[in-house]
Amino acid sequence: QVQLVESGGGLVQAGGSLRLSCAASGRTFSTFSNYAMGWFRQPPGKEREFVAVISGSGFTTYYADSVKGRFTISRDYVKNTVDLQMNILKPEDTAVYYCAARGQSAPSARASAHDYWGQGTQVTVSS
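Predicted model only: the values in this text are computed from it and were never measured. (Residues numbered from 1 in each chain as written. Predicted model: local features only at pLDDT ≥ 70, side-chain atom pairs only at ≥ 80, totals over all residues. Heavy atoms only, no water.)

Q: Quick question: what am I supposed to make of the side chain of arginine 102 here?
A: Looking at where arginine 102 falls in the secondary structure, it is placed in strand E9 (residues 95-102). Buried charge arginine 102 goes without a salt bridge, the closest partner of opposite sign being aspartate 115 at 6.3 Å. Only 3.4 Å separates the side chain of arginine 102 from the backbone oxygen of alanine 113, close enough to count as a polar contact. Sequence-distant contacts of arginine 102, that is, excluding residues within four places in its chain, are made with Asn34, Tyr35, Ala36, Pro107, Ser108, Ala113, His114 and Asp115. (Helix = DSSP H or I, 4+ residues; strand = E, 2+ residues; numbered from the N terminus. Buried < 20%, exposed > 50% of the residue type's maximum accessible area, 1.4 Å probe, protein only. Lys, Arg positive; Asp, Glu negative; His and termini not counted. Salt bridge = Lys/Arg side-chain N within 4 Å of Asp/Glu carboxyl O. Polar contact = N/O pair within 3.5 Å; in protein donor to acceptor, adjacent residues only side chain to side chain. Contact = heavy atoms within 4.5 Å.)

Next up, the structure:
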C-alpha cells in the first residue's frame, strides 16, 4: 500500500499563487522513482480532471492546456514528495486537488491509470 497526503491548499485571490505538496509513504512503498506521480482536480459539480503528471525519473512532464505556463509539477527524491506550484491563479482553478501515484514510471494523464490517491485538498480562488 502507498499512502499519499496532500497539503498546501487554501483560499487565495485571483492572480495569486499556492504551492501544493504531496508526501508519499507506505509499508510496501519501495523506490519513489518507480512511480509516476500526478495531480488531478475536481471542480464543484464537475468530473475529476487531469492537471499535471511527472514521470518516475522526473524528466517527463505533461500539463493540461488550461494550466500550461502557470503550473509547475516537480518531485523530491529525498523527501518522497511531489509538488504543484500554481501561479496566476484564476477562479476557474477552484477545485479539490488530488495527488495520485501510478505503479509504473511512465506518466499518464488518465485518472484510471493511477493506483493510489490522496484524500484531496481544497483550493479556492476568489475573484
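Q: Whenever I open this one, unusual backbone geometry confuses me. Can you help?
A: Although it is not a glycine, asparagine 80 adopts a positive phi angle of roughly 55°. By the element assignment, asparagine 80 lies in the loop between strand E7 (71-76) and strand E8 (81-86). Located in the positive-phi region is isoleucine 88, a residue other than glycine, with phi close to 50°. With respect to the helices and strands, the residue isoleucine 88 is situated in the loop between E8 and E9.

Q: What is the right way to read the sheet that holds E7 from this model?
A: Backbone-to-backbone hydrogen bonds pair the strands of a sheet. The strands run either parallel or antiparallel. Read across the sheet, four strands follow the order E1-E3-E8-E7 without closing on themselves; strand pairing throughout is antiparallel. With partners counted over all chains shown, the strands left at the sheet margins are strand E1 (3-7) and E7, one partner each. Strand-to-strand twist across the sheet, computed as the mean angle between neighbouring axes with direction ignored, equals 15°. Summarising the sheet, strand E3 (residues 18-25) and E8 pair through six bridges and their orientation is antiparallel. Residue pairing for E8: serine 21 is matched across the bridge by aspartate 83. (Pairing = 2+ DSSP bridges. Axes fitted to C-alpha atoms, helices over the stretch in contact; angles between N-to-C directions.)

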